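Residues per chain, in single letters:
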Amino acid sequence: MSFLPYVPFAHALVAKQDLPIPAWLFAWAASIVLIVSFFALSAAWRKPKFEDERWRPAAGWLPTALLSPALQVLCGALGVFLLGVAAYSGIHGTEAPDRNFAITFLFVTAWLGFPFFSAFLGDIFRFFNPWRAIGRVAGGGFRLIAGQRAAHLRYPDRLGRWPAAVGLLAFVWLEVVYGSSGGVSVGLDPHAAGVAALVYSAYTLAMMALFGVEEWCRRGETFAVFFGMFAQLAPFGVRDGRIGRRRPLAAATHWATVPGSAAVVLASIATTSFDGAQDGALKAAIQNTMEAAEKIGLSPLDALRWTDTAYLLVTFAGVAIIYALGVRGMRSVPGAPPYKTLFRGFAHTLIPIALAYLVAHYFSLFVYQEQAQFTYLLSDPLGTATTDLFGTAEAGIDFKLLSPNLIWYVQVASLVAGHVLGLTLAHDRALVYWKDYRRASRSQYWMLAVMVAFTCFGLYLLSVGNG
């Protein structure tokens, strides 16, 4: 993300030139791991195992306490409070992005933190979702006054999760495209972030009023859908008002049945890829296109934003085409279901890859910026140097906490692990569509090619962007 220029030497910390093994060799080794995993799955995995979550309720006082109304109200109130602090800090605080609470909280702590923790703990954002909390209070107030539930419009089934997919692209566009200025990424203006938070809040609450709080959170609310997608990988979930344990990854198998789900996960991979390529693999192409746009009369800033927007959409199209080609290839195997069924049926296999891309590109940023979040940004959220609420306003970031080689190894490991898990989910789903395990394995040659392509592409972006 464009946070890194906040600290001029951040890119030097993740430089790869001192690595003992060339980046291309990592890509070759990662491909070998995927191929070996593929043949191991073909030989030993002959019946689907993830179609049944094997959910069982968790016993004890803790699961009950976690779903208690009092705790849910407390978590919701905390979410509303933090959103309010972020919006107020953005609008009334300093214009320096690295000193304003809003930027780091919205684009690092929340945007990156919830996917990381949701993949292990479940849908924790549901409890902290500020718009859900406001909507439920408003709905309760209406019932108290009117004596009945508010009448909502029926949500169009065909619309599915498309609003969330568009919202995801718009959110990343705000940070990596609109937040760029003069050809140099300097980070989003905090005031713009604060205004955007208020505009999105008004839009979301309006949609909740039209379609219902829970329905909009399941289908259209960008962050609930995005964070909830990664929660499908977790071994914990809520069913019938109870917390339970389930087979890890299994919940993901039924997530993509809603229209637009594939677009959400593809948008996640594409936006992360574009953010990594913007100052790396695509840098020269963006610069050349921007110069051409200036020659036809656009200002430098407009030229940059239009160019970045175009390349963001091209990246999304490219990722979608790679996946579509893999699906099209599976159609050539006898007994294959319709293309639309395959396209939607295998979309969940990309969720581990989307998470791997987030970890690979942003985990070091998350580690560094969370030091800022819980020290000087928490003590002085406006960044005006006039408050020190917790005595940590003068603290700094320890950039020696992670070595360059450690960052690179974590990046590679996350990419390989994510693609192996994706390959496993794909093989398992193929056994559902093709009862003959030989044909199921044959169909997965195409998904293997997709996984290898995504792995090499991810490693290439990391090596070019940080090398």
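Residues numbered from 1 in each chain as written. Predicted model: local features only at pLDDT ≥ 70, side-chain atom pairs only at ≥ 80, totals over all residues. Heavy atoms only, no water.

Draft legend 1. Spotlight on empty space enclosed by the protein. One pass over the full model with this rule turns up two cavities of 30 Å³ or more. Of the voids in this model, the largest cavity is the one considered here, and its volume is about 70 Å³. Residue lining of the largest cavity: eleven residues in total, with Trp111, Val172, Thr271, Thr272 and Tyr362 positioned closest to the centre. Counting only elements with at least two residues in the lining of the largest cavity, the list comes to helix 8 (162-178), helix 12 (261-277) and helix 16 (351-373). Element by element, the count of residues in the lining of the largest cavity is highest for helix 12, at four residues. For the lining of the largest cavity, the per-class residue count stands at seven nonpolar, three polar and one charged. (1 Å grid on protein atoms, 1.4 Å probe; cavity = no way out; pocket = protein on both sides within 12 Å on 5 of 7 lines; lining within 4 Å. Points joined across faces, edges and corners; volume = space filled by probe spheres on them. Helix = DSSP H or I, 4+ residues; strand = E, 2+ residues; numbered from the N terminus. Nonpolar A, V, L, I, M, F, W, Y, C, P; charged D, E, K, R; others polar.)

Draft legend 2. Structural view of a nonpolar patch on the surface. Taken together, the side chains of Ile32, Ile35, Val36, Phe39, Tyr445 and Trp446 make up a nonpolar region of the molecular surface, amounting to roughly 560 Å² of accessible area. Tracing the chain through its elements places tryptophan 446 in helix 19 (residues 437-466). (Patch = residues over 30% accessible without salt bridge, like charges linked within 9 Å, V, L, I, M, F, W, Y side chains within 5 Å. Areas by Shrake-Rupley, 256 points an atom, 1.4 Å probe, with all protein chains shown as cover. Salt bridge = Lys/Arg side-chain N within 4 Å of Asp/Glu carboxyl O.)

Draft legend 3. Quick look at the pairing of strand 5 (residues 242-245). Sheet analysis places strand 1 (residues 56-57) next to strand 5, joined by two bridges and oriented antiparallel. Within strand 5, the residue paired with arginine 56 across the bridge is arginine 245. Here strand 4 (residues 236-239) runs beside strand 5; their pairing, made up of four bridges, is antiparallel. Directly across from phenylalanine 236, in strand 5, lies its bridge partner arginine 245. Taken together, strand 4 and the strand that follows it, strand 5, pair antiparallel across an intervening segment of two residues, in which aspartate 240 is found at a positive phi of about 55°. (Pairing = 2+ DSSP bridges.)

Draft legend 4. Local environment of the pattern of salt bridges. On inspection of all chains with the given rule, the structure shows eight salt bridges. Put simply, arginine 219 and glutamate 215 hold a salt bridge, and the shortest N to O gap is 4.0 Å. A residue pair is termed a helical-turn pair when its members lie 3 or 4 positions apart in one helix, as arginine 219 and glutamate 215 do in helix 10 (residues 213-219) at four residues. By relative accessible area, which is 17% here, arginine 219 ends up buried. Linked through salt bridges whose partners overlap, the residues forming this network are Arg126, Arg132 and Glu214. (Buried < 20%, exposed > 50% of the residue type's maximum accessible area, 1.4 Å probe, protein only.)

Take it as geometry only, folks, not as evidence of what the structure does.
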